[in-house]
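Listed below, chain by chain, are the residues.
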Amino acid sequence: DAGVIQSPRHEVTEMGQEVTLRCKPISGHDYLFWYRQTMMRGLELLIYFNNNVPIDDSGMPEDRFSAKMPNASFSTLKIQPSEPRDSAVYFCASSIGGAGAFFGQGTRLTVV
Amino acid sequence: KQEVTQIPAALSVPEGENLVLNCSFTDSAIYNLQWFRQDPGKGLTSLLLIQSSQREQTSGRLNASLDKSSGRSTLYIAASQPGDSATYLCAVKGNAGNMLTFGGGTRLMVKP
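Residues numbered from 1 in each chain as written. Chains lettered and ligands numbered in written order. Predicted model: local features only at pLDDT ≥ 70, side-chain atom pairs only at ≥ 80, totals over all residues. Heavy atoms only, no water.

## Let's talk about the pattern of salt bridges
All names here are of chain A.
- All told, the structure shown has ten salt bridges over all chains when counted by the stated rule.
- In this structure, the salt-bridge partner of Arg36 is Glu44, at a minimum N-O distance of 3.8 Å.
- Note that Glu83 and Arg64 form a salt bridge whose closest N and O atoms lie 3.5 Å from each other. With Glu83 in the loop between strand S8 (74–79) and strand S9 (88–95) and Arg64 in the loop between strand S6 (53–56) and strand S7 (65–71), the pair connects residues that are 19 residues apart, well separated along the chain.
- Here Arg64 falls in the buried class, since its relative accessible area comes to 10%. (Salt bridge = Lys/Arg side-chain N within 4 Å of Asp/Glu carboxyl O. Helix = DSSP H or I, 4+ residues; strand = E, 2+ residues; numbered from the N terminus. Buried < 20%, exposed > 50% of the residue type's maximum accessible area, 1.4 Å probe, protein only.)

Spelled out as structure tokens, the structure:
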């Protein structure tokens, strides 16, 4: 398996624009997580899914953020409208049951 | 709410030294604990996973221990090498929910 695949790797956008981040989990994994990493706050969980169903979205900072998982092999994290303070590295991770999590390479988002 | 702390935040050692990285957590009701490595600008690579029923795990020069009752874990690196330079993160998975709570990381530099 190629591991967790995220796209794009880098995204630079202007404030107010919509941003969509994409993730393909490892095949067979039933949990998918979205994390955000910043220098100030470290790694924070935004939302996670189990069998494509959102379980805990309490980490989603604002209504501007939304996440979907239409099927077991694809998830999106959307920010609309984007703001400079959303600049961070966004990681997607997947796991099977309660086993260890595997992380993607991340998407570095810069909002100018 | 689970809180995870890693001390020290940064560590610089000469090549060949044995070293210990520390991780503490406030809620001992954990399912497992995972140590990750992160290189600059990269994703997280899982190093070791310790289930709550285990006391330690070993992989090559790495040994991770877990003392659940005291809320502590250590990552021991034997005979450190410059290639070990990276940020090391510990993350705890609780019994409720399946998400990881991360420490702030220890940035390790091994000097030749």
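That covers the picture; the talk isn't over yet.
## What about the confidence of the model for chain B?
- When pLDDT is averaged across chain B, the result is 95; 100% of the residues are at 70 or more.
- Within chain B, the element-level pLDDT minimum falls on strand S10 (residues 100–102) of chain B, averaging 93, and the maximum on strand S8 (residues 72–77) of chain B, averaging 98. (pLDDT = per-residue confidence, 0-100.)

## Here we look at the sheet that holds S7(A)
All names here are of chain A.
- The strand order across the open sheet built from four strands is S1-S3-S8-S7, with neighbouring strands paired in antiparallel fashion. With one partner strand each, in any of the chains shown, strand S1 (5–7) and S7 form the two edges of the open sheet. Sheet twist, expressed as the mean angle between neighbouring strand axes with direction ignored, is 15°.
- Inspection of the sheet shows strand S3 (residues 19–24) paired to S8 by five bridges, in the antiparallel sense. (Pairing = 2+ DSSP bridges. Axes fitted to C-alpha atoms, helices over the stretch in contact; angles between N-to-C directions.)

## Looking at the state of the cysteines
All names here are of chain A.
- Taken as a whole and assessed by the stated rule, the structure comprises two disulfides over all chains.
- Two residues share a disulfide in this structure: Cys23 and Cys92, whose sulfurs sit 1.9 Å from each other. Disulfide Cys23 to Cys92: torsion about the S-S bond roughly -65°, handedness left-handed. Of this pair, Cys23 sits in strand S3 while Cys92 sits in strand S9, and the two are 69 residues apart along the sequence. Side by side, Cys23 and Cys92 carry an identical accessibility label, which is buried. (Disulfide = S-S within 2.5 Å.)

## Quick look at the nonpolar core
Residues and elements named next belong to chain B.
- Phe25, Leu33, Trp35, Leu75, Ile77, Tyr88 and Leu108 are the most contacted members of the largest nonpolar core, which has 22 residues in total.
- Taken together, the elements giving at least two residues each to this core come down to strand S3 (19–25), strand S4 (30–38), strand S5 (44–51), strand S7 (62–67), S8, strand S9 (86–94) and strand S11 (106–111).
- If we skip the residues at most four places from it in the chain, Leu33 touches Cys23, Phe25, Leu48, Leu49, Ile50, Leu66, Ser73, Cys90, Ala91 and Val92. (Core = buried A, V, L, I, M, F, W, Y, C linked by side-chain atoms within 4.5 Å. Contact = heavy atoms within 4.5 Å.)

## Here's the deal with the sheet that holds strand S1 (residues 4–7) of chain B
Residues and elements named next belong to chain B.
- On the basis of which strands lie adjacent, the open sheet formed by five strands has the order S1-S3-S8-S7-S6 and antiparallel pairing. Each of the sheet's edge strands pairs with one partner strand only, and the pair in question is S1 and strand S6 (56–59). Within this sheet the neighbouring strands show an average axis-to-axis angle of 15°, counted without direction.
- Bridge analysis of S6 against S7 gives four bridges, and the strand direction is antiparallel. Residue pairing across strands places Thr58 opposite Asn63, the latter belonging to S7.

## So, the packing of aromatic side chains
- The tally for this structure, following the rule as stated, stands at ten aromatic pairs over all chains.
- Plain terms: the ring middles of Phe103(A) and Phe36(B) are 5.3 Å apart, the flat faces sit at 80° to each other, and that makes the pair edge-to-face. Separated into two different chains, Phe103(A) in strand S10 (residues 102–103) and Phe36(B) in strand S4 make up a pair that spans both. Here Phe103(A) matches Phe36(B) in class, with each residue buried.
- Taken together, the ring pairs in this structure connect Tyr31(A), Phe33(A), Tyr35(A), Tyr48(A), Phe91(A), Phe103(A), Phe36(B) and Phe102(B) into an aromatic cluster. (Phe/Tyr/Trp six-rings, centres within 6.5 Å; stacked < 30°, edge-to-face > 60°.)

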